Amino acid sequence: AFMLEAVAANGQALEFAHQRLQKDRQLVLAAVRQSGTALRFTSDKLKRDKEVVLQAVRQDGLALEYAAEQLQMNREVALEAAFQNISALKFCPAVVMADPPFVL
């Protein structure tokens, strides 16, 4: 309960959570809703979890940097990230950038 309150107030607190807690989906969701880039402190498994990553990039598009490559290549995730912060495009693979919604 304490850690959940901590990450809800400051998502970056996830960095200091026990490794087991950094793998807890509910805790990570609370963290990335508050600070998208807290995604960097979670497990590879959760970096591949589309819902977790979408929550992260909706809060901070730059969180796309920490998403699993397969989700960086996901059109929906990439668009959400770019919509939140156009600078997130630098973390999109070229194949995604060639997709019609990204071509200006």
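Preceding this paragraph is the structure being described.
Draft legend 1. Spatial organisation of the overall build of the protein chain. Along its length, the protein chain carries seven helices and zero strands. N-terminal to C-terminal, the α/β element order of the protein chain is α-α-α-α-α-α-α. Compactness check: the protein chain gives a C-alpha radius of gyration of 14 Å against a globular reference of 13 Å for 104 residues, within 12% of the reference. Structurally, the protein chain occupies a C-alpha span of about 45 × 20 × 15 Å along its principal axes. Per-residue burial over the protein chain gives 46% buried out of 104 residues. Taking all contacts inside the protein chain whose residues are at least 6 apart in sequence as the whole, residues at least 24 apart take part in 38%. About 5800 Å² of surface is accessible on the protein chain, with carbon and sulfur atoms providing 53% of the total. Mean positive and mean negative side-chain charge positions of the protein chain (12 and 12 charges, respectively) differ by 3 Å.

Draft legend 2. Looking closely at the pattern of salt bridges. By the definition in use, this model includes four salt bridges. A salt bridge links Arg-58 to Glu-80; the shortest N-O distance between them is 3.4 Å. Of this pair, Arg-58 sits in helix H4 (residues 50-59) while Glu-80 is found in helix H6 (residues 75-84), placing the two residues 22 residues apart along the sequence. Looking at Glu-80, the relative accessible area reads 25%, which means it is partly exposed.

Draft legend 3. Highlighting the packing of helix H1 (residues 2-9) against helix H2 (residues 25-34). Between H1 and H2, the shortest axis-to-axis distance is 7 Å and the interhelical angle comes to 20°. In terms of orientation, H1 and H2 fall into the roughly parallel class. Between H1, through Met-3, Leu-4, Val-7, Ala-8 and Ala-9, and H2, the contact on the second element is made entirely by Gln-26, Leu-27, Ala-30, Ala-31 and Gln-34. Among the residues making up the contact of H1 with H2, the classes are represented as eight nonpolar, two polar and no charged.

Draft legend 4. Here's a closer look at the side chain of Thr-37. By secondary structure assignment, the location of Thr-37 is in the loop between H2 and helix H3 (44-47). What Thr-37 contacts, discounting residues up to four positions off in sequence, is Gln-12, Asp-60, Leu-62, Ala-63 and Tyr-66.

Draft legend 5. Fine view of the side chain of Ser-43. In this structure, Ser-43 sits in the loop between H2 and H3. Aside from chain neighbours lying at most four places away, what touches Ser-43 is Gln-22 and Lys-23.

Conventions and cut-offs
- Residue numbers restart at each chain and count upward from 1, following the sequence in its written direction.
- This being a predicted model, a pLDDT of at least 70 is required before a residue's local features are given, and a value of 80 or more before pairs of side-chain atoms are given or counted; all residues contribute to the totals for chains, interfaces and linings.
- Hydrogens and waters are ignored; side-chain quantities use all the structure's heavy atoms.
- Per the convention used, a helix needs a DSSP run of H or I reaching at least four residues, while a strand needs a run of E reaching at least two, with both numbered from the N terminus.
- Values of the radius of gyration come from C-alpha atoms, whereas the globule rule sets the reference at 2.2 Å times the count of residues to the power 0.38.
- Here's how the labels work: a residue is buried when its accessible area is under 20% of the maximum for its type, exposed when over 50%, partly exposed in between, all with a 1.4 Å probe on protein chains only.
- Note on contacts: a residue pair qualifies if any of its non-hydrogen atoms lie within 4.5 Å across the two residues.
- Exposure was quantified through the Shrake-Rupley algorithm and a 1.4 Å probe, taking into account, for residues, occlusion by the shown protein chains and nothing else.
- A residue counts as positive if it is Lys or Arg and as negative if it is Asp or Glu; His and the chain ends are not included.
- Note on charges: their place is set at NZ of Lys, CZ of Arg, CG of Asp or CD of Glu.
- One speaks of a salt bridge when a side-chain nitrogen belonging to Lys or Arg is within 4 Å of a carboxyl oxygen belonging to Asp or Glu.
- Axis definition: a line fitted to C-alpha atoms, limited for helices to the stretch in contact. Angles are taken between N-to-C directions and run from 0 to 180 degrees.
- Roughly parallel means an angle under 35 degrees; roughly antiparallel, over 145; roughly perpendicular, 65 to 115; everything else is oblique.
- Gly is placed with the polar residues, together with every amino acid not listed as nonpolar (Ala, Val, Leu, Ile, Met, Phe, Trp, Tyr, Cys and Pro) or charged (Asp, Glu, Lys and Arg).

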